[in-house]
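Take a look at the letters that make up each chain.
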Amino acid sequence: MKGYRKGYRKAFQRAFPYTIPVLTGYLFIGIAFGVMFSEKGYSFLWAGLMSLLVYAGSGQYLAVNFFAPGVSFLQVIFLTLMVNIRHIFYGISLLEKFHGMGKKRWYMIFGLTDETYSLLCTTKVPEDVEEDQFLLAVSLLDQSYWVIGSMIGGIAGNFLPFDSEGIDFAMTALFVVIFVEQWMEKKNRAPEVIGVLAACFCLQIFGADGFVLPAMLLITLLLFVGRKRLEGGEEEPCR
Amino acid sequence: MPVSAFTSFLIILAVAVTTFGTRVFPFLVFPKGKEIPDVVKYLGRVLTPAVIGMLVVYCLRSTTVWSAPYGLPEAAAVAVTALLHVWKRNNLLSIGAGTVLYMVLIQCL
């Protein structure tokens, strides 16, 4: 039991540096959410509760608008589905990895945000820690930043000591860095180009609010059609 | 609060269950122990880099390209982040420098 605990401690220590970009981003977009929610008259505890149970960036931003008299639950479900539908594609890359994680996998699935998905799929697990423990540590750390950020926003969001406009660019930069890292491996280049081009194309046609689902469908279609040409490097999934 | 605590809680629950539903979907279609078809394994492999590409565009979706400042802060910050990363391969340095540059640019321009 003691060795087990020590393993987790090490896993958290090793995982922490990888999550620092997410820490920066989540803290600040979490704060922004907390501020929005408190302006609706909800205390920081409500913001914390929502971040604990929902844990979705754009989903929670949108959800703030649901708290109005005469809300329709059908509409709540439909709109939430529309913002988060891209997530149904994420699990496909992690099926085998999560299936080997026992009961922990339910939390791992729950925690599949854009940022956590990207880290889980692209980070090489350090050799001196158990893979399971490391992945769980990444997910738990990421969510803790989000919960803490939204609670700070709920308490004191309007009194930030400096002008933080633009700090959410940390999230964009994180994806750019992961993009570059993936680019170093030749076999990833074609899928990356497909992802960027399909997204740009759908953005032009469907606009910023509705392009993600068509983009994901187009990406899947193109990857499917190009299977023969793309299936050069047979390796383990999600690396 | 615009609606009662109970209704508020139900709204949060509805958003939570729906969000979890989108994330758990592939795991319900291919539960533990069920053979995963080769084509799905293949998609799982190539989807990650494609999704990362999509997410970069997703993060930049609200950039104004056709009027001032013509997406220049975004373009400069993305370029600095990427080039620094190719050069030094240090996550925090690339992300930190790109973010600070972006903040300076949009707050000063």
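Residues numbered from 1 in each chain as written. Chains lettered and ligands numbered in written order. Predicted model: local features only at pLDDT ≥ 70, side-chain atom pairs only at ≥ 80, totals over all residues. Heavy atoms only, no water.

The name an unreviewed UniProt entry assigns to chain B is AzlD domain-containing protein, from the organism Mordavella massiliensis.

For chain A, the name recorded in an unreviewed UniProt entry is AzlC family ABC transporter permease, with Mordavella massiliensis as its organism. Database annotation for chain A, UniProt heading Sequence similarities (unreviewed entry): "Belongs to the AzlC family." In its Subcellular location (unreviewed entry) section, UniProt records this for chain A: "Cell membrane". (UniProt positions renumbered as here; feature names shortened; annotations may be inferred.)

Caption draft 1: Broad picture of the domain arrangement of chain B. The domain boundaries assigned to chain B delineate domain 1 (1-30) and domain 2 (35-108). Each of domain 1 of chain B and domain 2 of chain B has a C-alpha centre, and these two points are 29 Å apart. (Domains from an automatic or database assignment.)

Caption draft 2: Layout of the pattern of salt bridges. Residue and element names in this part refer to chain A. Scanning all chains against the criterion turns up nine salt bridges over all chains. Notably, a salt bridge pairs D132 with K104, separated by 3.8 Å at the nearest N-O pair. Residue D132 is located in helix α9 (residues 131-156), and its partner K104 is located in helix α7 (residues 104-110); the two are separated by 28 residues in the primary sequence. Overall, the relative accessible area of 22% leaves D132 in the partly exposed class. (Salt bridge = Lys/Arg side-chain N within 4 Å of Asp/Glu carboxyl O. Helix = DSSP H or I, 4+ residues; strand = E, 2+ residues; numbered from the N terminus. Buried < 20%, exposed > 50% of the residue type's maximum accessible area, 1.4 Å probe, protein only.)

Caption draft 3: Structural view of the UniProt feature "transmembrane region" (unreviewed entry) in chain B. All names here are of chain B. The UniProt entry lists residues 6-30 and 42-64 under the feature "transmembrane region" (unreviewed entry), expressed in the numbering used here. Structurally, residues 6-30 comprises 96% helix and 0% strand, and the distance from its first C-alpha atom to its last is 36 Å. Here residues 42-64 runs as 78% helix and 0% strand, with 36 Å between its end C-alpha atoms.

Caption draft 4: Quick peek at the domain arrangement of chain A. Residues and elements named next belong to chain A. Domain parsing of chain A yields domain 1 (2-183) and domain 2 (186-239). Summarising the inter-unit geometry, the C-alpha centres of domain 1 and domain 2 are found 24 Å apart. Buried area between domain 1 and domain 2, both sides added, is near 1300 Å², and the carbon and sulfur share of it is 63%. Across the domain 1-domain 2 interface, the total number found is zero salt bridges. Our count for the domain 1 to domain 2 interface comes out at two residue pairs in polar contact (both at pLDDT 80 or more). At the level of secondary structure, the elements contributing two or more residues to the side of domain 1 that touches domain 2 comprise α6 (95-99) and α10 (169-183). A total of four residues in the side of domain 1 that touches domain 2 trace back to one element, the largest contributor, which is α10. (Buried area = accessible area lost by both parts, 1.4 Å probe. Polar contact = N/O pair within 3.5 Å; in protein donor to acceptor, adjacent residues only side chain to side chain.)

Caption draft 5: Here's a closer look at the layout of surface pockets. Computed from the structure, the largest pocket encloses a volume of approximately 1300 Å³. Taken together, 49 residues make up the lining of the largest pocket; nearest its centre are A:G57, A:S58, A:Y61, B:Y58 and B:R61. Elements that contribute at least two residues to the lining of the largest pocket include exactly α1 (2-39), α3 (57-63), α4 (73-84), α8 (114-122), α10 and α12 (212-225) of chain A together with α2 (38-59) of chain B. Of the residues that constitute the lining of the largest pocket, the class distribution is 29 nonpolar, twelve polar and eight charged. The volume enclosed by the second largest pocket comes to roughly 470 Å³. Along its surface, the second largest pocket is lined by 21 residues, and A:C200, A:L203, B:L60, B:T63 and B:V65 are the ones closest to its centre. Where the lining of the second largest pocket is concerned, the elements lending two or more residues are α10 and α11 (189-206) of chain A together with α2 and α3 (72-88) of chain B. For the lining of the second largest pocket, the residue count by class is 15 nonpolar, four polar and two charged. (1 Å grid on protein atoms, 1.4 Å probe; cavity = no way out; pocket = protein on both sides within 12 Å on 5 of 7 lines; lining within 4 Å. Points joined across faces, edges and corners; volume = space filled by probe spheres on them. Nonpolar A, V, L, I, M, F, W, Y, C, P; charged D, E, K, R; others polar.)

Caption draft 6: Inspection of the packing of α8(A) against α2(B) at higher detail. Running from N to C, α8(A) and α2(B) point in directions that differ by 145°, and their axes come no closer than 11 Å. When you trace α8(A) past α2(B), the crossing you get is left-handed. Contact residues: A:D114, A:Y117, A:S118, A:C121 and A:T122 in α8(A); B:L47, B:T48, B:V51, B:I52, B:L55 and B:Y58 in α2(B). (Axes fitted to C-alpha atoms, helices over the stretch in contact; angles between N-to-C directions. Left-handed = near helix turned anticlockwise from the far one by under 90°. Contact = heavy atoms within 4.5 Å.)

Caption draft 7: Inspection of the nonpolar core at higher detail. Within the largest apolar cluster, 96 residues are counted, with the highest numbers of intra-cluster contacts made by A:F37, A:F98, A:F211, A:L223 and B:M54. The leading source of residues in this core is α2(B), at 13 residues. Apart from the residues lying within four places of it in its own chain, the contact partners of A:F211 are A:A199, A:C202, A:L203, A:F206, B:V57, B:Y58 and B:R61. (Core = buried A, V, L, I, M, F, W, Y, C linked by side-chain atoms within 4.5 Å.)

Caption draft 8: How the structure looks around the packing of α10(A) against α2(B). Two elements in contact, α10(A) and α2(B), have axes separated by 9 Å at closest approach and are oriented at 150°. Overall, the two elements α10(A) and α2(B) adopt an arrangement that is roughly antiparallel. In this structure, α10(A) meets α2(B) at a crossing whose hand is left-handed. Of the residues in α2(B), those in contact with A:M171, A:T172, A:F175, A:V176, A:I178, A:F179 and A:Q182 of α10(A) are B:T48, B:P49, B:I52, B:G53, B:L55, B:V56 and B:C59. Within the contact of α10(A) with α2(B), the residues separate by chemical class into ten nonpolar, four polar and no charged. (Parallel < 35°, antiparallel > 145°, perpendicular 65-115°, else oblique.)

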